[in-house]
Amino acid sequence: MGSQENKHSELHVVLIPSAGMGHLNTFSRLAVTLADHCKVTMVSNIPAVSSAESHHLADMFSAYPQIEFLQFEMPPYDTSDYPDADPFVLRWEMISRSAPDILNYVMKSSSVPVTAFVVDITIAASFIPLAKNLGIPCYIMFTSTAAMLSFVAYFPTYCDSKTTEDLGDVEIPGYRTVPLASIPGVLHDPKNLFTKQFVQNGRVLLKVDGIFVNTFESFEEDSLAALSDGHVQPGFPPVIAIGPLMPLNMPASGASEVFSWLDKQPDNSVVYVNFGNRTGMSREQVRELGLGLETSGCRFLWVVKTKALDSQDVEDLGEILEKGYLERVKDRGIVIKGWVEQDKVLRHKAVGGFLSHSGWNSVIEAAIYGVRMLAWPMGGDQRINAVPVVKSGLGMWAKSWSWQGEDKIVSGKEIGEKVKEMMADEALSAKARLIGEQARQAAAPGGTSYQGLVEFIQELKDRV
Ligand code: UDP
Ligand code: UDP
């Protein structure tokens, strides 16, 4: 082994994810990508919040033995201060409060000295100052768009000049204005746990050695440029566009009947409908959506979810859907309640369109496989994510459709028309395919994101 390789094998990157499948999927993919270049340890918090996360962790432990997993058991915490908090946000808070213990545990358990930490944005403020005190370089994995990163980076400055109670459009100098209607509603309440975390995490961004984003240069050129030119925040750390991080090779899981059904459908004919892991839909809206898919005349694979947390989503389809619905659509549609392997679905040649909430992992997966999208953002960062969906040409955005906290039902007629319009738009489909090629090129050796990864590894080598 040459001396260069010896040095290489000394690199040890420790990843500290938070909670939620969107966060865990990003970190798992990052772990596997980095493991080709250095030793990787991932800290996992058990038991996880959702069953989807617990299954994912178990599968990943066995499929990727090259990654070391440090299991950290959460101490019990009194969470009575936040009786209404979202369970994932609560877990972020618990992990944050455990930051000193987690870091101690990592430092004690590591046989190879830690070269760098990569911490999830949602828990960054509690980890970064402590990790920096250890003299170890710190990076953040930002789990959303570069567009959202611009907003998160600027928001503390905005808050310093106003109170979040009179939140308006947020004009980011030299970049763009984020309209009030696209800002997560929860940010109106400065006392809310999420809002407190969000502002603190935004402030800590300036203190890190670099920020990874699961995006790629040609997809979000404008936002990446605004961040690196210092328009959004002067002196902003390097933003490393490292995407698309590729889905893992995991054992089969979830609803397997999906694939035998897809195998029988013509190429590019199926609309895949899924709103991620954290978005439950009201029964009334579910029924309108069902009607919309039916009247669109398109084939569809629809994943129904009525509760934010999978373990509470116990009603069966018979109770949720209109009586007789499944029988009426059985020649054209399949409806699933539960987990499907989304990356394998999007990769399937029968799938030609994706009706999605535009959670960032979902968007980036659609980009990898070149599947056109109809974005129906429902909360959080999703409207901000929908901007690059439209700007890049990957998809359409139904702007007037309902948003978190609104008491509004989108009619089946409207949904059906829009779905039909997306599936008839051949130019959109061709553009999406082109984006798929660009995405895969960016991540492959010689591509812009691959280069970002190589430079990161080189920087670590230079520091050892
Ligand atoms: N996912 C999946 N099967 C499902 C639902 C979701 O594989 O039935 C995966 C999806 O591929 C994505 C992640 O879970 O990687 C969801 O993350 P995203 O950022 O899109 O949305 P969130 O769940 O955070 O709202
Ligand atoms: N976010 C952040 N700081 C925080 C919490 C969230 O920057 O303290 C960003 C992060 O990129 C996250 C996005 O806001 O993906 C949306 O938050 P949400 O609660 O909707 O999370 P997700 O669906 O990604 O789990």
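Being a predicted model, the structure only gives us computed values, none of them experimental.

1. What to know about the site of ligand 1
Lining the immediate environment of ligand 1, one finds 16 residues, of which Asn25, Asn277, Val340, Ser362 and Glu365 sit closest. Side-chain polar atom of Asn274 to an oxygen atom of ligand 1: 3.2 Å apart, as the coordinates give it. Within the side chain of His357, an N or O atom sits 2.9 Å from an oxygen atom of ligand 1. If ligand 1 stood free it would expose 540 Å²; the protein chains cover 93% of that surface.

2. Looking at the sheet that holds strand E8 (residues 210-213)
If you trace the seven strands from one edge of the open sheet to the other, you get E3-E2-E1-E4-E5-E8-E9, paired in parallel fashion. Of all the strands in the sheet, the pair left with one neighbour each is strand E3 (68-73) and strand E9 (239-241). With direction set aside, neighbouring strand axes in the sheet form an average angle of 25°. Bridge analysis of strand E5 (residues 138-142) against E8 gives four bridges, and the strand direction is parallel. Considered in E8, the bridge of Tyr139 is made with Gly210.

3. Brief notes about the confidence of the model for the protein chain
On average, residues of the protein chain score 93 in pLDDT, and 97% of them are at 70 or above. Confidence drops under a pLDDT of 50 for residues 1-8, and excluding neighbours within four residues, the segment shows eight contacts in the predicted structure. Here the predicted complex scores 0.94 on pTM and 0.88 on ipTM.

4. A few points about the side chain of Ser44
If you trace the backbone, Ser44 turns up in strand E2 (residues 39-46). Filtering out sequence-adjacent residues up to four positions away, Ser44 remains in contact with Leu57, Phe61, Leu70, Gln71 and Phe72.

5. A look at the nonpolar core
Residues Phe117 and Phe151 are the most contacted members of the largest nonpolar core, which totals 67 residues. When residues in this core are grouped by element, the largest group, 11 residues, is from helix H7 (residues 146-161). Residues in contact with Phe117, not counting those within four places in the same chain, are Val14, Ile16, Leu103, Val106, Met107, Ala131, Leu134, Ile136, Pro137, Cys138 and Tyr139. Core analysis: the next-biggest nonpolar cluster, separate from the first, contains 32 residues, Ile334, Ile336, Val340 and Ala439 among them.

Rules of the game
- Residues numbered from 1 in each chain as written.
- Chains lettered and ligands numbered in written order.
- Predicted model: local features only at pLDDT ≥ 70, side-chain atom pairs only at ≥ 80, totals over all residues.
- Heavy atoms only, no water.
- Near = heavy atom within 4 Å.
- Polar contact = N/O pair within 3.5 Å; in protein donor to acceptor, adjacent residues only side chain to side chain.
- Areas by Shrake-Rupley, 256 points an atom, 1.4 Å probe, with all protein chains shown as cover.
- Pairing = 2+ DSSP bridges.
- Helix = DSSP H or I, 4+ residues; strand = E, 2+ residues; numbered from the N terminus.
- Axes fitted to C-alpha atoms, helices over the stretch in contact; angles between N-to-C directions.
- pLDDT = per-residue confidence, 0-100.
- Contact = heavy atoms within 4.5 Å.
- Core = buried A, V, L, I, M, F, W, Y, C linked by side-chain atoms within 4.5 Å.
- Buried < 20%, exposed > 50% of the residue type's maximum accessible area, 1.4 Å probe, protein only.

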